Amino acid sequence: QVQLVESGGGLVQAGGSLRLSCAAVARTFSGYAMAWFRQAEGKEREFVAAINWNGGSTVYADSVKGRFTISRSLRERTCDLQMDDLKSDDTGVYYCAAVEGAYSKVASVYEWWGQGTQVTVSS
């Protein structure tokens, strides 16, 4: 069982930065891949970024590549998403997700989800 709690969302102007953090409450954190997804109002949830269990491998959606960076700390049991050069299209609710094993870009693969944190980018 894994409980995920996101923080760090807010309102920012286009071109600005935000850092989201996901704290995991679990008996063990190693062996779990982590990911961030987002959902804009009226749209389906979409993949943003994922990282493997030890941080050695990452993957990004084309729309955020070069602007967002995903990282994790096994000791702190956190997974962060640094978002730079934010655009209005980045607005949405951001969700942290975890799965035991390999990461995926497919939301249905993930077993545990956080409650979400709102990110609003004003133009």
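Below you will find a few notes about this structure. Just so you know, these numbers come straight off a predicted model, no measurement behind them. (Residues numbered from 1 in each chain as written. Predicted model: local features only at pLDDT ≥ 70, side-chain atom pairs only at ≥ 80, totals over all residues. Heavy atoms only, no water.)

1. Let's talk about the side chain of Arg72
Line of reasoning, step 1. One can find Arg72 in strand E7 (residues 68–73).
Line of reasoning, step 2. An unpaired buried charge is present at Arg72: no salt bridge exists, and Asp80, the closest side chain of opposite charge, is 9.9 Å distant.
Line of reasoning, step 3. Side-chain polar atoms of Arg72 contact the backbone oxygen of Asn52, separated by 2.9 Å.
Line of reasoning, step 4. Ignoring any residue separated from it by four or fewer positions in sequence, one finds Arg72 in contact with Phe29, Tyr32, Ala33, Met34, Ile51, Asn52, Trp53, Asn54, Gly55, Thr78 and Cys79. (Helix = DSSP H or I, 4+ residues; strand = E, 2+ residues; numbered from the N terminus. Buried < 20%, exposed > 50% of the residue type's maximum accessible area, 1.4 Å probe, protein only. Lys, Arg positive; Asp, Glu negative; His and termini not counted. Salt bridge = Lys/Arg side-chain N within 4 Å of Asp/Glu carboxyl O. Polar contact = N/O pair within 3.5 Å; in protein donor to acceptor, adjacent residues only side chain to side chain. Contact = heavy atoms within 4.5 Å.)

2. Digging into the state of the cysteines
Line of reasoning, step 1. Evaluated as defined, the whole model comprises 1 disulfide.
Line of reasoning, step 2. The disulfide that involves Cys22 links it to Cys96, with 2.1 Å between the sulfurs. Measuring the twist about the S-S bond at about -80°, one finds the Cys22-Cys96 disulfide to be left-handed. One end of the pair, Cys22, is in strand E3 (residues 18–26); the other, Cys96, is in strand E9 (residues 92–100), with 74 residues separating them in the sequence. Both residues of the pair, Cys22 and Cys96, belong to the buried class.
Line of reasoning, step 3. With no disulfide of its own, Cys79 lies 5.4 Å from the sulfur of Cys96, the closest cysteine sulfur.
Line of reasoning, step 4. Given a relative accessible area of 0%, Cys79 falls into the buried group. (Disulfide = S-S within 2.5 Å.)

3. As for the pairing of strand E11 (residues 117–122)
Line of reasoning, step 1. Only one face of E11 is covered, namely the face carrying Thr117, Val119 and Val121; the face carrying Gln118, Thr120 and Ser122 is uncovered.
Line of reasoning, step 2. Judged from the 3 bridges that link them, E9 and E11 form a sheet pairing that is antiparallel. Note that in E11 the partner of Gly92 across the bridge is Val119. (Pairing = 2+ DSSP bridges.)

4. Looking at the nonpolar core
Generally speaking, soluble globular proteins have nonpolar side chains that are buried together.
Line of reasoning, step 1. If you look at the biggest cluster of nonpolar residues, it comprises 39 residues, and the most contacted ones within it are Leu4, Met34, Trp36, Leu81, Met83 and Tyr94.
Line of reasoning, step 2. A per-element tally of this core places strand E4 (residues 32–39) first, with 6 residues. (Core = buried A, V, L, I, M, F, W, Y, C linked by side-chain atoms within 4.5 Å.)

5. A short note on unusual backbone geometry
Line of reasoning, step 1. Despite not being glycine, Arg77 shows a phi value in the positive range, around 60°.
Line of reasoning, step 2. The residue Arg77 is located in the loop between E7 and strand E8 (78–83) in this model.
Line of reasoning, step 3. Even without glycine at this site, Asp85 takes up a positive phi of about 50°.
Line of reasoning, step 4. By the secondary structure assignment, Asp85 is in the loop between E8 and E9.
Line of reasoning, step 5. Its relative accessible area of 38% is what places Asp85 among the partly exposed residues.

6. Thoughts on the side chain of Ser104
Line of reasoning, step 1. Here Ser104 is to be found in the loop between E9 and strand E10 (112–113).
Line of reasoning, step 2. Judged by its relative accessible area of 15%, Ser104 falls in the buried class.
Line of reasoning, step 3. Here the side chain of Ser104 touches Val106 through a polar contact of 2.9 Å, landing on its backbone nitrogen.
Line of reasoning, step 4. Residue contacts for Ser104: discarding those within four places in its chain leaves Phe37, Phe47, Ala50, Val109 and Tyr110.

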